[in-house]
Amino acid sequence: MSTPEPTGIVVLISGSGTNLQALIDASSDPAYGVRILAVGADRDGIAGLRRADAAGLETFVCRVPDHPTRLAWDAALAARLDAHAPAFVVSAGFMRLLGPEVLSRYVVLNTHPALLPAFPGAHAVRDALAAAAEVTGCTVHLVDAGLDTGPVLAQARVEVVPGDTEETLHARIKAVEHPLLVEVVGRAAREGITVTDGKASIP
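Residues numbered from 1 in each chain as written. Predicted model: local features only at pLDDT ≥ 70, side-chain atom pairs only at ≥ 80, totals over all residues. Heavy atoms only, no water.

**A short note on the packing of helix α1 (residues 18–27) against helix α2 (residues 47–54)**
At step 1: Packing of α1 against α2 brings their axes to within 9 Å, and their N-to-C directions diverge by 15°. With respect to their mutual orientation, α1 and α2 come out roughly parallel. Our pair here, α1 against α2, has a crossing hand that is right-handed. From α1, T18, L20, Q21 and I24 reach across to α2, where they touch G48, R51 and A52.
At step 2: The residue makeup of the contact of α1 with α2, split by class, is three nonpolar, three polar and one charged. (Axes fitted to C-alpha atoms, helices over the stretch in contact; angles between N-to-C directions. Helix = DSSP H or I, 4+ residues; strand = E, 2+ residues; numbered from the N terminus. Parallel < 35°, antiparallel > 145°, perpendicular 65-115°, else oblique. Left-handed = near helix turned anticlockwise from the far one by under 90°. Contact = heavy atoms within 4.5 Å. Nonpolar A, V, L, I, M, F, W, Y, C, P; charged D, E, K, R; others polar.)

**Some remarks on the packing of aromatic side chains**
At step 1: Across all of its chains, the model carries one aromatic pair by this definition.
At step 2: On the numbers, 6.3 Å between centres and 15° between planes, the contact of W73 with F94 is stacked. Taken together, the residues span a long stretch of sequence, with W73 in helix α3 (residues 70–82) and F94 in the loop between β4 (88–91) and α4 (100–105) at a distance of 21 residues.
At step 3: Given a relative accessible area of 0%, W73 falls into the buried group.
At step 4: What makes F94 buried here is its relative accessible area of 7%. (Phe/Tyr/Trp six-rings, centres within 6.5 Å; stacked < 30°, edge-to-face > 60°. Buried < 20%, exposed > 50% of the residue type's maximum accessible area, 1.4 Å probe, protein only.)

**With respect to α1**
At step 1: For α1, every residue scored as buried is listed here: N19, L20, A22, L23, I24 and A26.
At step 2: Against the buried residues of α1 lie β1 (7–13), β2 (34–41), α2, β4, β5 (108–112) and α6 (166–191).

**Quick word on the sheet that holds strand β7 (residues 152–159)**
At step 1: An order of β3-β2-β1-β4-β5-β6-β7 is seen for the seven strands of this open sheet, with the pairing classed as mixed. Edge positions in the sheet fall to β3 (59–61) and β7, since each has one partner strand and no second. Within this sheet the neighbouring strands show an average axis-to-axis angle of 20°, counted without direction.
At step 2: Bridging between β2 and β3 involves three bridges; their strand directions are parallel. Residue pairing across strands places A41 opposite V61, the latter belonging to β3.
At step 3: Set on the sheet, α2 makes contact with β1, β2 and β3; between it and β3 the angle comes to about 155°.
At step 4: Packed onto the sheet, α6 meets β1, β2, β4, β5, β6 (135–142) and β7 and runs at close to 155° relative to β7. (Pairing = 2+ DSSP bridges.)

Below is the structure:
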């Protein structure tokens, strides 16, 4: 029996690209069922783009300041995605809110370093520590028009231990975030995603 064609995705990043690296490593196995068509970023010169280059992946940069409005940027990003025609998009540490042009065309999965709906936004790990949370973790969810408000696909818990700093806690979150993202993206590619009454699931 021949191996099915892998599902093509585009990964969006803004920083070091450790979640991207986990997906690159996983996609090297044909059984995983995912092919990274391109890696997009909202900034030049970031480590994540170097990871993509090292893996021989096509990259592009779509910067907000290069467009007159956020809507124009969103339309430009949608056009860059259209050029690759991914089955879906993965936001892996992409620190920009996506707008209607992208979200009307593509299913977007996002990974977030907290147990949503707790601690949405860009400073989730810091906010968990400030709230003296005893447990936090990570979430893979679908992106909607809100700030980390889309339907949850999967979560993993991480205990907060005495003496944790933002750096130590974030490192432990990443240790569970990477395999969770890899698992969910692979399942989504192989089995698809269903959204019913605002709740997301993978068959």
